[in-house]
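Architecture at a glance
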Amino acid sequence: MRTVFTTCPLCEAMCGLELTVEGDRVTKVRGDREDEFSKGFLCPKGASLGTLDADPDRLSTPLIKRDGEFREATWEEAFAHVDERLKDFPDRDAVAMYLGNPVVHSLAGGLYAGPLRKALGSRNVFTASTVDQMPKHVQVGHMFGGIFSIPVPDIDRTDFMLVLGADPFSSNGSLWTVPDAPGRFKALQKRGGSFVVVDPRRSRTAQAADQHVVIRPGTDVFLLLALIHELFAQDLVNLRDLAAHVTDHSVIREHVEPFGPDAVADRTGIDAGTIRALARRLAQAERAVVYGRIGTTTVEFGTVASWAVDTLNVLTGNLDRPGGAMWPLPAHSRRGSGTGKGFAIGRWHSRVQWHPEVMGEFPAVTMVDEIETPGEGQVRALFTVGGNPALSLPNSARVNDALSSLDFMVSVDPYLNETTRHADVILPTPPPSRRDHYDIAFLNNSVRNVAKYSRAAIPLEEGRVDETEIFFRLATIFSGLGPKADLDAIAAFQLADLKKKAGADFEPEGETREERLLDLKLRTGAYGVTLRQLLDNPHGIDLGPLTPRLPEILRTPSGKIELTPQPIVDDLPRVLEALRTPETGMVLVGRRHLRTNNSWMHNVPALVKGKPLCTLLVNPGDAGRIGLTDGATAQVTSRIGKVEVLVEVTADIAPGVVSMPHGWGHDQPGTRLTVAGEHAGVNVNLLTDDLRIDPLSGTAVLNGTRVQVVPA
Ligand SMILES: Nc1nc2c(c(=O)[nH]1)N[C@H]1C(S)=C(S)[C@@H](COP(=O)(O)OP(=O)(O)OC[C@H]3O[C@@H](n4cnc5c(=O)[nH]c(N)nc54)[C@H](O)[C@@H]3O)O[C@H]1N2
Ligand SMILES: Nc1nc2c(c(=O)[nH]1)N[C@H]1C(S)=C(S)[C@@H](COP(=O)(O)OP(=O)(O)OC[C@H]3O[C@@H](n4cnc5c(=O)[nH]c(N)nc54)[C@H](O)[C@@H]3O)O[C@H]1N2
Ligand code: SF4
Ligand SMILES: [Mo]
């Protein structure tokens, strides 16, 4: 029996775990109380890591489909098969790749997702970002110059926080790595501060808030613009130390002129007095911060709304300031120079719908167009990597049809699920306990600067292949080096090159290719931390609270924060038109539950037991009018499709709004998900509309779908 300390890779919170390992099994999971960052916090998902790890449905060897049936294969066979079949697709654009959420949660993804995409050399790259946070990348790209320069709420030092379209008590934070978010919100209240939640649903976070502002879905952009309007109207703008770092802020006033509180009250469902008071609270708090997430990004005006969030942080002088919105500085990153080339989209366009590329990818919703539409450059082969587009993309009935029409498909995934059942080859990734961990992505969003590395809690079994090696191997296959290239030699060559570029005069240390790469990044990083130090500190190293980063963080040509980027200004007439278009009728929004993780953890018994989680929340008034009762089945219809779903009548959802979580619908044939199959639920993306996107970022509109609800 051994105790091993590691980091939970399941959500963005980076909780430290204390694992009890007996033989080759994790038999107990506790929050690591000595973890420098999470101090023992643990949620039910983390607690189930041992069960998830040992899930009997988890694939342990590659599968190759022959004559319609999956057969087990060796890794050599699987890679050789992929290499061979790829020769049928000499046009690289005919081979697409979809990268899903778990890719950002692994060292494999952190180090090799970029090289993998590059090696493939196809323009048809899609990721879960365009059903999630792409508006944030685009907005910070335009304003600050760097697509990853997303400031996060410094919750531990703020006095007032305005939260829109996020439920961190359930999601544990997003684009915001904040272990024990509930504890931190409560601490904020305890020290005399407060927070307000804007949400059409009384979420767990809204229940704990000092004020819950109920909003009509999809209208946060109007509320946010009205708040900016009020800062000017009530003479509350106060840039404090930011004045030297921003372009002319006074011009914003004119842009938000049509969006006064009286003009937006009807459309948002929030009275003008509430909006005015909110603006005052925000401006008058000594330290305040605005934070928006899913309800502000997977909506029609996601990029403008995201811009408005950080513009409020600027106009109240709360950007880059303790207690405001601040930029972390991870140990593997270096400080910037303060200027750069800036950011633009549309360096190339998609073949069918002419969507501009954003961060080198096309909107996930258009993957289907590229598969379905004949002609030169048509996608005929697909690699899915840690993604379940068959459930997670809008109009998933169409996605399913498209996947089944492909000539060749490979999935890098531990499960035979709704997506991978369409694959010809499945390359299974090892369970969490078997892999080394360092959070390349989430340290960028962390509420404190910390560093932590942990080696696999249990060594990988003989003959199994780590995800880092799967990525590397595929990259060499894409590069034409064949299925048996000498990875160590290539890695040594790359490391030498990187060493030279970084001007490093030391030999990076580590037991694996990835450790040496990480050691190089760390030692040339902002703090000069070494891999050795991280190995000696299994609870992580605290590098202190976030510190101001202006102007060094900026990468705009002007060396200033661009307050009115042209693409944002150009989108405002569309926002105004929407404001003037009255909207009535029932709309559908999403939600998350603490015991779920998108589509792929419903196979863990402890997480799906008890009351069904996949229900349609209906307000009592609406339920009475429609003739629905608690426990009844409703038929929900949208432009796209029709589903039948279990009803939960509750005053927690606003009138005129229904809510349904995503990631369910595990009743598809040909999968191997025993437990999830018994708790199938219904796929909400049979209703969401693949034609609705935020054009500035290519992000799907997942909230505010128009639906009709009747008894089934
Ligand atoms: N209607 C609606 N739809 C939504 C959302 C919503 O709010 N409403 N949310 C959207 C959001 S925010 C997101 S991020 C997307 C997620 O969309 P996806 O990323 O497409 O889907 P996930 O459900 O995260 O599926 C993850 C896949 O990775 C596999 N996997 C698990 N662990 C590993 C691993 O270690 N390595 C590899 N290679 N694979 C692994 C799982 O088996 C599963 O197949 O869904 C989006 N879809
Ligand atoms: N337990 C759990 N944690 C997760 C995940 C999970 O599936 N389960 N997924 C992870 C992923 S991939 C992500 S991206 C994050 C997301 O993290 P969050 O953004 O915190 O996610 P949600 O819990 O979906 O909260 C979104 C809230 O927005 C509300 N909402 C919907 N439409 C609107 C709108 O138009 N305006 C406003 N103001 N509110 C609206 C919903 O009612 C909901 O309460 O969570 C991550 N963490
Ligand atoms: S909050 Fe997230 S990181 Fe922490 S234990 Fe739960 S799933 Fe893991
Ligand atoms: Mo996400």
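The rules behind each value
- Residues numbered from 1 in each chain as written.
- Chains lettered and ligands numbered in written order.
- Predicted model: local features only at pLDDT ≥ 70, side-chain atom pairs only at ≥ 80, totals over all residues.
- Heavy atoms only, no water.
- Helix = DSSP H or I, 4+ residues; strand = E, 2+ residues; numbered from the N terminus.
- Rg over C-alpha atoms; globule rule 2.2 N^0.38 Å.
- Buried < 20%, exposed > 50% of the residue type's maximum accessible area, 1.4 Å probe, protein only.
- Pairing = 2+ DSSP bridges.
- Axes fitted to C-alpha atoms, helices over the stretch in contact; angles between N-to-C directions.
- Near = heavy atom within 4 Å.
- Polar contact = N/O pair within 3.5 Å; in protein donor to acceptor, adjacent residues only side chain to side chain.
- Areas by Shrake-Rupley, 256 points an atom, 1.4 Å probe, with all protein chains shown as cover.
- Nonpolar A, V, L, I, M, F, W, Y, C, P; charged D, E, K, R; others polar.
- Parallel < 35°, antiparallel > 145°, perpendicular 65-115°, else oblique.
- Left-handed = near helix turned anticlockwise from the far one by under 90°.
- Contact = heavy atoms within 4.5 Å.
- UniProt positions renumbered as here; feature names shortened; annotations may be inferred.
- Domains from an automatic or database assignment.
- Buried area = accessible area lost by both parts, 1.4 Å probe.
- Salt bridge = Lys/Arg side-chain N within 4 Å of Asp/Glu carboxyl O.
- Phe/Tyr/Trp six-rings, centres within 6.5 Å; stacked < 30°, edge-to-face > 60°.

By the naming in an unreviewed UniProt entry, the chain is Molybdopterin-binding oxidoreductase, taken from Lentzea pudingi.

1. Overview of the overall build of the chain
When helices and strands are tallied, the chain shows 25 helices and 27 strands. Here the C-alpha atoms of the chain give a radius of gyration of 25 Å, agreeing with the 27 Å that 2.2 N^0.38 yields for 712 residues. Oriented by its inertia axes, the alpha-carbon framework of the chain measures out at about 65 × 65 × 55 Å. A burial count over the chain gives 62% of its 712 residues as buried.

2. Notes on unusual backbone geometry
Note that the residue after L550, namely P551, is joined by a cis bond; omega there is 0°. Mapped onto the secondary structure, P551 falls in the loop between β18 (541-545) and α22 (566-580). Of note, N172 is a non-glycine position whose phi angle comes to about 60°, a positive value. Note that N172 resides in the loop between α6 (168-171) and α7 (181-190). Using a relative accessible area of 2% as the deciding quantity, one classes N172 as buried.

3. Brief notes about the sheet that holds strand β4 (residues 63-66)
Pairing is mixed across the open sheet formed by seven strands, whose spatial order is β5-β4-β16-β15-β14-β6-β7. Either end of the sheet is taken by a strand with one partner, and the two such strands are β5 (69-72) and β7 (125-127). Neighbour to neighbour, the strand axes of the sheet diverge by 15° on average, direction disregarded. Relative to β5, β4 is paired through four bridges, and the arrangement is antiparallel.

4. Observations regarding the site of ligand 1
Taken together, 29 residues lie near ligand 1, and Y98, N101, S392, D413 and S599 sit nearest. Between ligand 1 and S599, the relevant distance is 2.5 Å, taken from an oxygen atom to a side-chain nitrogen or oxygen of the residue. Contact between ligand 1 and N685: a nitrogen atom at 2.8 Å from a side-chain N or O atom of the residue. For ligand 1, whose free accessible area comes to 920 Å², the fraction covered by protein is 97%. When the residues that make up the shell around ligand 1 are grouped by side-chain class, the tally is twelve nonpolar, twelve polar and five charged.

5. Considering the packing of helix α4 (residues 107-120) against helix α18 (residues 467-478)
α18 packs onto α4 with a crossing angle of 15° between their chain directions and a minimal axis gap of 8 Å. When the interaxial angle is binned, α4 and α18 end up roughly parallel. Here α4 runs over α18; the crossing is left-handed. For the pair α4 and α18, the contacting residues are A108, G109, Y112, A113, L116, A119 and L120 in the first and E467, T468, F471, F472, L474, A475 and F478 in the second. Along the lines of polarity and charge, the residues of the contact of α4 with α18 split into eleven nonpolar, two polar and one charged.

6. Comments concerning the sheet that holds strand β23 (residues 657-659)
Strand pairing in a sheet relies on backbone hydrogen bonds, with the paired strands running either antiparallel or parallel. In spatial order, the strands read β26-β19-β23-β20-β22-β21-β27; together these seven strands make up an open sheet with mixed pairing. In this open sheet, the two edge strands, each paired with only one partner strand, are β26 (705-706) and β27 (708-711).

7. Let's talk about the UniProt feature "domain: 4Fe-4S Mo/W bis-MGD-type" (unreviewed entry) in the chain
Under the local residue numbering, the UniProt record ascribes the feature "domain: 4Fe-4S Mo/W bis-MGD-type" (unreviewed entry) to residues 1-57. Between the C-alpha atoms that bound residues 1-57 the distance is 25 Å, and the span itself is 16% helix and 35% strand.

8. Brief notes about the site of ligand 3
Taken together, C8, L10, C11, A13, M14, C15, F41, L42, C43, K45, G46 and N172 make up the full set of residues adjacent to ligand 3. Looking at the shell around ligand 3, its residues break down into nine nonpolar, two polar and one charged.

9. Re the pairing of strand β2 (residues 16-22)
β2 sits mainly inside the fold: six of its seven residues count as buried. Inspection of the sheet shows β2 paired to strand β3 (residues 25-31) by six bridges, in the antiparallel sense. For E22, the partnering residue across the bridge sits in β3 and is R25. Between β2 and β3, which pair antiparallel in sequence order, lie two residues; one of them, G23, sits at a positive phi of approximately 60°.

10. Examining the domain arrangement of the chain
What the domain assignment reports for the chain is domain 1 (154-327 + 553-575) and domain 2 (584-711). In this assembly, domain 1 packs against domain 2 so that about 1800 Å² is buried in total across both faces, 56% of it on carbon and sulfur atoms. Here domain 1 is connected to domain 2 by three salt bridges. Among the ionic pairs, D694 bridges to R574, the shortest N-O distance being 3.8 Å. Remark: the boundary between domain 1 and domain 2 carries six residue pairs in polar contact (both at pLDDT 80 or more). When contributions to the side of domain 1 that touches domain 2 are tallied by element, the ones reaching two or more residues are α6, α8 (204-208), α13 (294-297), α14 (302-315) and α22. In terms of residue count, the dominant contributor to the side of domain 1 that touches domain 2 is α22 (four residues).

11. Re the packing of aromatic side chains
Tallied over the full model, the rule gives eleven aromatic pairs. Pairing W75 with F79 gives two aromatic rings, centres 5.6 Å apart and planes at 35°, and the pair type is tilted. Within this pair, W75 and its partner F79 are both found in helix α3 (residues 75-86), separated by four residues, close to a single helical turn. When its relative accessible area of 4% is taken as the criterion, F79 is described as buried. Measuring from ring centre to ring centre gives 6.5 Å for F126 and F362, while their planes differ by 50°; the resulting arrangement is tilted. Taken as a pair, F126 in strand β7 and F362 in the loop between β13 (325-326) and α15 (367-372) lie far apart in primary sequence, 236 residues in all. Per residue, the accessibility class of F126 equals that of F362, and both read buried. An aromatic cluster of three or more residues is present, and its members are F169, W176, F185, F195 and Y291.

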